[in-house]
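# Architecture at a glance
Listed here are the chains, written in short residue letters.
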Amino acid sequence: MSPRILVTGGAGYIGSHTVLQLLQGGYKAVVVDNLDNSSEVAIKRVRELADKNGPNLTFHKIDLRDKPALEKIFASEKFDAVIHFAGLKAVGESVQKPLMYYDNNLIGTITLLEVMAAHGCKKLVFSSSATVYGLPKVVPCTEESLISAVNPYGRTKLFIEEMCRDIYRSDSTWKIILLRYFNPVGAHPSGYIGEDPRGIPNNLMPFVQQVAVGRRPALTVYGTDYKTKDGTGVGRERDYIHVVDLSDGHTAALEKLSDASVGCEVYNLGTGKGTSVLEMVAAFEKASGKKIPLVMAGRRPGDSEIVYASTEKAERELKWKAKYGIDEMCRDQWNWASKNPYGYESPDSKK
Ligand code: UD1
């Protein structure tokens with residue numbers, strides 16, 4: 001029998017790519033998503049991309065805080081593991097509306113963990129973030145680096161990690177893998193699924209993509225006084241990782257959960273390479289043939305200078321390594337953007 005995985009937030013950006021990978025790998029996927037920052041069109045497209053395995057995907061529009069609804073799903077089928085993506089993720093919004101973030105991310109996760117425990121499903125892969133490294137003093141960030149949070153969003157990731165460690169300490173029959181994502185970008189090479197944030201994008205590449213398709217006039221580059229390796233002093237270095245590589249990391253983590261030795265483990269998912277904002281923009285311009293007008297601005301509050309991952313632990317223990325570089329990330333980002341300039345709301349996307 002194919003393993004059955006519950007995927008929370010499976011209609012979202014990273015979730016939809018991972019669900020596709022699961023289906024292609026012979027898993028059954030049950031997605032729960034409240035569609036707060038995602039679209040059911042993504043589910044439909046994942047089914048189509050998965051072709052003959054498409055019917056192995058089922059979808060429930062549910063908010064994780066709706067415990068009776070979640071209970072019903074766990075009562076009706078048995079899950080081998082849960083991948084938990086669902087959560088709010090905009091840093092600025094979390095500063096404005098901290099309670100909304102604590103309510104959604106923490107209460108949603110607590111509810112999920114309670115229902116899992118009640119139904120004897122104790123295998124979890126959780127979407128954590130490099131945000132838990134705060135403003136790192138030393139790079140690369142290793143899984144042993146100090147963790148801290150600099151905004152409410154980051155605190156929800158950090159609290160959930162700590163909660164998972166406590167749960168495992170209290171009951172060693174749990175198996176939990178915390179994946180700390182660096183900067184996910186790009187899209188599935190088909191150009192059929194990709195990132196489609198609601199409102200003004202907070203992150204670099206969705207913004208660049210909207211400039212390229214004419215939805216916004218220019219990219220504001222935050223901070224021109226950093227010590228970057230390209231000597232421009234413009235923008236900071238981040239560890240951009242192709243979303244397809246990131247999805248692969250989840251199937252590797254699921255396989256790892258069957259290891260008797262696993263308790264509660266954390267892994268970085270990054271490439272181990274830092275790229276500056278200008279390098280990323282140049283790679284995107286090359287891939288798209290579009291000029292991205294820039295407006296130089298001051299630093300964005302809370303922005304670290306350089307953040308990139310140590311990838312050794314994931315390579316060693318998950319046998320996983322990112323395959324794609326920034327040229328492929330930008331190629332696939334542009335392929336998605338040019339086919340869906342308004343994301344899943346593009347005129348052709350409603351079908
Ligand atoms: C941000 C969050 C991080 C979160 C991650 C994924 C902050 C401080 N950090 O990471 O907690 O886990 O997103 O959602 O918000 N940039 C511009 N102009 C823009 C947008 C970004 O110059 O319009 C620059 C930023 O200054 C940064 C780089 O591009 O140097 C990447 O920014 P972004 O995509 O927002 O990611 P992070 O800040 O690394």
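Structure first, text after, so check above.
All of the points below concern the structure found in this document. (Residues numbered from 1 in each chain as written. Predicted model: local features only at pLDDT ≥ 70, side-chain atom pairs only at ≥ 80, totals over all residues. Heavy atoms only, no water.)

## Brief notes about the side chain of Gln-209
Convention followed: Secondary structure elements are defined from DSSP: runs of H or I of at least 4 residues count as helices, runs of E of at least 2 residues count as strands, and each element is numbered from the N terminus. When a residue's accessible area, from a 1.4 Å probe over protein chains only, is under 20% of the maximum for its type it is buried; when over 50% it is exposed; and in between it is partly exposed. Working rule for contacts: check all heavy atoms of both residues, and any pair within 4.5 Å makes them a contact.
For Gln-209, the position within the fold is in helix H7 (residues 204-212). Given the relative accessible area of 7%, Gln-209 is considered buried. Excluding residues that lie within four positions of it along the chain, Gln-209 makes contacts with Glu-195, Phe-284, Gln-333, Trp-336 and Ala-337.

## A word on helix H6 (residues 152-170)
Rules: Any helix carries an expected span of 1.5 Å times its number of residues minus one.
Between its terminal C-alpha atoms H6 stretches 26 Å, which fits the 27 Å expected from 19 residues at 1.5 Å a residue. Three or more residues of H6 are buried, namely Pro-152, Tyr-153, Gly-154, Thr-156, Lys-157, Leu-158, Ile-160, Glu-161, Cys-164, Arg-165 and Ile-167. Summarising the contacts, the buried residues of H6 are in contact with helix H4 (91-96), helix H5 (98-118), strand S5 (123-129), strand S6 (175-181) and strand S10 (264-269).

## Details of helix H1 (residues 13-24)
Across its twelve residues, H1 extends 17 Å between first and last C-alpha, which sits within 8% of the 16 Å expected from 1.5 Å per residue. By the criterion of burial, H1 is predominantly enclosed, with eleven of the twelve residues buried. Looking at H1, one finds that the buried residues are Tyr-13, Ile-14, Gly-15, Ser-16, His-17, Thr-18, Val-19, Leu-20, Gln-21, Leu-22 and Leu-23. Positive backbone phi, approximately 90°, marks Gly-26, located one or two places after H1.

## Remarks on the packing of aromatic side chains
Ring pairs (aromatic) are described by centroid distance and by the angle formed between their planes. Selection rule: Any pair of Phe, Tyr and Trp rings, taking the six-membered ring for Trp, is counted once the centres come within 6.5 Å. Such a pair is stacked with planes under 30 degrees apart, edge-to-face with planes over 60 apart, and tilted for the rest. Here, a charge over a ring means that NZ of Lys or CZ of Arg falls within 6 Å of the ring centre while also lying within 35 degrees of the ring normal.
Following the criterion strictly, the structure yields five aromatic pairs and no others. For the pair Phe-74 and Phe-79, a centre-to-centre distance of 5.1 Å together with 70° between the ring planes defines the contact as edge-to-face. Overall, Phe-74 belongs to the buried group, its relative accessible area being 5%. A relative accessible area of 8% means that Phe-79 is categorised as buried. Residue placement shows Arg-45 over the ring face of Tyr-192; its charged tip is 4.6 Å from the ring centre. Across the ring face of Phe-207, the terminal group of Arg-216 is positioned such that the distance to the ring centre comes to 5.8 Å.

## A word on the pattern of salt bridges
Here is the rule: The salt bridge definition used is simple: a Lys or Arg side-chain nitrogen within 4 Å of an Asp or Glu carboxyl oxygen.
Within this structure, the stated rule accounts for 21 salt bridges. One salt bridge in this structure joins Arg-4 and Glu-77, with 2.7 Å as the shortest N-O distance. Of this pair, Arg-4 sits in strand S1 (residues 4-8) while Glu-77 sits in the loop between helix H3 (67-76) and strand S4 (81-84), placing them 73 residues apart in sequence. As a salt-bridge pair, Glu-285 and Lys-291 come within 3.3 Å of each other at their nearest N and O atoms. A single network of salt bridges, built from pairs that share partners, joins Glu-161, Glu-162, Arg-165 and Arg-180.

## A short note on the environment of Pro-152
Examined against the element boundaries, Pro-152 turns out to sit in helix H6. Taking the C-alpha atoms as reference points, Pro-152 and Val-262, 110 residues apart in sequence, are found 30 Å from one another. Excluding residues that lie within four positions of it along the chain, Pro-152 makes contacts with Ser-94, Val-95, Pro-98 and Tyr-102.

## Let's talk about the site of the ligand
Definition in use: Here a residue is near a molecule or strand as soon as one of its heavy atoms is found within 4 Å of it. Polar contacts here mean pairs of N or O atoms no more than 3.5 Å apart (in protein, one a potential hydrogen donor and the other a potential acceptor; neighbouring residues in sequence count only if both atoms are side-chain atoms). Shrake-Rupley sampling with a 1.4 Å probe provides the accessible areas, and residues are treated as covered by the protein chains on show and by no other component.
The ligand sits among 19 residues. The nearest are Thr-220, Arg-236, Arg-238, Arg-300 and Asp-303. With respect to the ligand, the backbone of Thr-220 contributes an N or O atom lying 2.7 Å from a nitrogen atom. Computed on the free molecule, the ligand has an accessible area of 730 Å², of which 90% lies beneath the protein chains in the complex. The greatest single-element share of the shell around the ligand, amounting to four residues, is contributed by strand S8 (residues 219-222).

## A closer look at the side chain of Asn-104
Following the sequence through the fold, Asn-104 ends up in helix H5. Residue classification places Asn-104 among the buried residues on the basis of a relative accessible area of 13%. Beyond its immediate sequence surroundings of up to four residues, Asn-104 is in contact with Asn-34, Arg-65, Gly-87, Leu-88 and Thr-109.

## Let's talk about the packing of H1 against helix H8 (residues 243-256)
The following threshold applies: Each axis is a line fitted through C-alpha atoms, and for a helix only the stretch in contact is used; angles between axes span 0 to 180 degrees, taken between their N-to-C directions. Orientation is classified from the angle alone, with under 35 degrees giving roughly parallel, over 145 giving roughly antiparallel, 65 to 115 giving roughly perpendicular, and any other angle giving oblique. Handedness of a helix crossing follows the sense of rotation of the near helix relative to the far helix, less than a right angle counterclockwise being left-handed and clockwise being right-handed. Each residue receives one of three labels: charged for Asp, Glu, Lys and Arg, nonpolar for Ala, Val, Leu, Ile, Met, Phe, Trp, Tyr, Cys and Pro, and polar for the others, Gly being one of them.
It is the contact of H1 with H8, at a shortest axis distance of 9 Å, that shows an interaxial angle of 60°. With respect to each other, H1 and H8 are oriented oblique. Pair H1 / H8 crosses with right-handed handedness. Taken together, the residues of H8 that come into contact with H1 (itself represented by Tyr-13, Ile-14, His-17, Thr-18, Gln-21 and Leu-22) are Val-243, Val-244, Leu-246, Ser-247, Asp-248, His-250, Thr-251 and Leu-254. Classifying every residue of the contact of H1 with H8 gives seven nonpolar, six polar and one charged.

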